[in-house]
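Coordinate inspection notes
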Protein chains: 2
Amino acid sequence: MNQLSLNQWTTRRWTVAEAVDGCVRHGIEAIGLWRQNVAEQGLNETVKLVRGAGLRVSSLCRGGFLTGPEPLADNRRAIDEAAALEASCLVMVVGGLPGVVPGEPLGVFSRDLAGARALVAEGLAELAPYAADRGVRLALEPLHPMYCADRAVLSTLGQALDFAEPYPPEVVGVVVDTFHLWWDPGVFDQIARAGARIASYQVCDFLCPLPADVLLGRGMMGDGVIDFAPLNRAVAEAGYRGEIEVEIFNADVWAADPDTVLTTMKSRYADLIA
Amino acid sequence: MNQLSLNQWTTRRWTVAEAVDGCVRHGIEAIGLWRQNVAEQGLNETVKLVRGAGLRVSSLCRGGFLTGPEPLADNRRAIDEAAALEASCLVMVVGGLPGVVPGEPLGVFSRDLAGARALVAEGLAELAPYAADRGVRLALEPLHPMYCADRAVLSTLGQALDFAEPYPPEVVGVVVDTFHLWWDPGVFDQIARAGARIASYQVCDFLCPLPADVLLGRGMMGDGVIDFAPLNRAVAEAGYRGEIEVEIFNADVWAADPDTVLTTMKSRYADLIA
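Residues numbered from 1 in each chain as written. Chains lettered and ligands numbered in written order. Predicted model: local features only at pLDDT ≥ 70, side-chain atom pairs only at ≥ 80, totals over all residues. Heavy atoms only, no water.

The name given to chain A in an unreviewed UniProt entry is 3-dehydroshikimate dehydratase, with Acrocarpospora corrugata as the source organism.

Laid out in structure tokens, this is it:
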């Protein structure tokens, strides 16, 4: 199996249909889908497209935001979509401090970080049985600590594993994303600890200096500061054999011709990841 | 003792002489100095000014950058300066990946993060005896993980404590800075573990969204997302009784009248820290 998967936000301007075509054209066997793109294409149509192309769906992005108001209904819909797509996992970006809106000035919000983390545990307890019943694996994604306030109060792999621990690994796993975790002095120990909990391995580089919008600091492998080899090795030694998704949020990559992006991605993947 | 200390970069446009005057005018009993400002004022003149004003020097910023070329000579000078100033500690920002220059595009550099961390341990082993002989306390500062590549490969308090462990606490301590550490799920355990190793407590807020230059994401207490009370309590319970420095890198704060900044700082300190 070729492990390389295109996370469709790497070619953000492509629709699901275009991204599926792109994968076929470039010999990529798996795709990570985003819910809003799936909704635009239509869920049933997306299922047909990926099946027809013989693609595996390496992840659906994303559920989560469990610290926001009434998160459960939308997460159940996300789980249903992941089930329909037979996605390897539903990526869970758990949310930041209650009331903090990504990219917006602070309004009314809570500084209670411990409380926010408790909300994540509570939400997960509600959703895990629902996911298990539908054969969907939730994948908790620790995000870089610079996103703690506005996107994810899960900031390290160790912490994500603590949250996952009450559940079977096939129901609640974790995402290992090089961008978010490369700096962590404990990351190798935690990848080994994760073992069968690793539900997704996402790769991209960490740009330095960061761009003005830190959300777009993800670069093509080789364009930033990450030493991928030890991370690749650790994930393989932990037993992970699933897809390796390239997920890049980057203004220059988004502005480039998506076919060129895929060509570069395959070449960098061959050099630095495979 | 009033624990409040002005880190002079909070009033960056002030010279040492002006900052000393400002502290006296506002009843602030301690100051954190920066080496370049001390050099501009002259070391002997600075010693006279702070002595004459009866100020304690809560820190000298900064030594470190141990991952760069030939770091020892400059660090020995920094230690000598800290000794002359009778500073409570010399803050050590240990440096990023070798060859990565803060704020500059990547050139020739090393991605070997483990190797960079080893350089920090080696440099510390050279400098600790020199500092001990002069009665200077080195204070290892873990920086927020977003600065791992370009400023400090020490990213958590736990990791800083691991590096400090071979040395007596009065020779190698650590800095607890709210901006850098607030997100860490292990921070309270590590503050308790730090105990007598805490050489400096620095406070400022974490702004959200971050500004375009992430170095300037430090805000006045109350302007960002940090819940200070549990951190203040943890540091006090760990036994720390030294100065609490307000260190803010922020374009708006730097543009404001420094006397207004000090008035706001005292008021926010009274409300959120003291």
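Still more to cover.
1. Describing the sheet that holds strand β10 (residues 244-246) of chain B
Strand pairing in a sheet is mediated by backbone hydrogen bonds. Such pairs are either parallel or antiparallel. All names here are of chain B. Within the closed barrel, the eight strands sit side by side as β1-β2-β3-β4-β5-β6-β7-β10. Their pairing is parallel. With strand direction ignored, the average angle separating the axes of adjacent strands in the sheet is 30 degrees. Across the sheet, helix α9 (residues 228-237) lies against β6 (172-177) and β7 (198-203), angled at about 165 degrees from β7, the strand it touches most. (Pairing = 2+ DSSP bridges. Helix = DSSP H or I, 4+ residues; strand = E, 2+ residues; numbered from the N terminus. Axes fitted to C-alpha atoms, helices over the stretch in contact; angles between N-to-C directions. Contact = heavy atoms within 4.5 Å.)

2. Focus on the pattern of salt bridges
Overall, the coordinates contain 26 salt bridges over all chains when judged by the stated rule. With its nearest N and O atoms 3.3 Å apart, the salt bridge here joins Arg77 of chain A to Asp74 of chain A. Separated by three residues within a single helix, Arg77 of chain A and Asp74 of chain A lie in helix α4 (residues 72-85), roughly one turn from each other. Relative accessible area serves as the criterion here: at 45%, Arg77 of chain A is assigned to the partly exposed category. Judged by its relative accessible area of 34%, Asp74 of chain A falls in the partly exposed class. A salt bridge links Asp80 of chain B to Arg134 of chain B; its shortest N-O distance comes to 3.4 Å. Remark: Arg134 of chain B occurs in the loop between α5 (113-133) and β5 (138-140) and Asp80 of chain B occurs in helix α4 (residues 72-85); sequence separation between them is 54 residues. Owing to a relative accessible area of 32%, Asp80 of chain B belongs among the partly exposed residues under this scheme. One network of salt bridges, with partners in common, ties together Arg35, Asp74, Arg77 and Glu81 of chain A. (Salt bridge = Lys/Arg side-chain N within 4 Å of Asp/Glu carboxyl O. Buried < 20%, exposed > 50% of the residue type's maximum accessible area, 1.4 Å probe, protein only.)

3. Side note on the relation of the copies chain B and chain A
Comparison of the two chain copies shows a relationship of rotation about an axis with a shift along it. When chain B is brought onto chain A, the operation consists of a screw motion whose angular component is 180 degrees and whose axial shift is 0.0 Å, with 0.0 Å RMSD remaining. Taken together, the rotation angle and the small translation identify this as a two-fold axis. In terms of proximity to the rotation axis, the leading residue of chain B is Ala212 of chain B, whose C-alpha is 1.9 Å off the axis. (Least-squares fit on C-alpha atoms with pLDDT ≥ 70 in both.)

4. Here's the deal with the layout of surface pockets
Reported here for the largest pocket is a volume of approximately 420 Å³. Elements represented by at least two residues in the lining of the largest pocket include exactly α6 (157-164) of chain A together with α6 (157-164) and α8 (187-194) of chain B. Here the residues of the lining of the largest pocket are counted per class, giving two nonpolar, 10 polar and five charged. (1 Å grid on protein atoms, 1.4 Å probe; cavity = no way out; pocket = protein on both sides within 12 Å on 5 of 7 lines; lining within 4 Å. Points joined across faces, edges and corners; volume = space filled by probe spheres on them. Nonpolar A, V, L, I, M, F, W, Y, C, P; charged D, E, K, R; others polar.)

5. A word on the packing of helix α8 (residues 187-194) of chain A against helix α9 (residues 228-237) of chain A
Residue and element names in this part refer to chain A. Orientation of α8 relative to α9, taken along the N-to-C sense of each, is 25 degrees, at an axis distance of 8 Å. Taken together, α8 and α9 sit at an angle that is classed as roughly parallel. Here the hand of the crossing between α8 and α9 comes out right-handed. Residues Val187, Phe188 and Ile191 of α8 pack against Pro230, Leu231, Ala234 and Val235 of α9. The residue inventory of the contact of α8 with α9, partitioned by class, reads seven nonpolar, no polar and no charged. (Parallel < 35°, antiparallel > 145°, perpendicular 65-115°, else oblique. Left-handed = near helix turned anticlockwise from the far one by under 90°.)

6. Describing the interface of chain B and chain A
A common way to state how big an interface is: give the accessible area lost once the parts meet. Taken together, the contact pairs 36 residues of chain B with 36 residues of chain A. Carbon and sulfur atoms supply 70% of the area that chain B and chain A bury against each other, a total of about 2,600 Å² over both sides. Together, Arg111, Trp183 and Cys208 of chain B form the three largest contributors to the area buried by chain B at its contact with chain A, with a combined 22%. Taken together, chain B and chain A are joined by zero salt bridges. Taken together, the connections running from chain B to chain A amount to six residue pairs in polar contact (both at pLDDT 80 or more). Class assignment of the residues belonging to the side of chain B that touches chain A gives a composition of 22 nonpolar, seven polar and seven charged. (Buried area = accessible area lost by both parts, 1.4 Å probe. Polar contact = N/O pair within 3.5 Å; in protein donor to acceptor, adjacent residues only side chain to side chain.)

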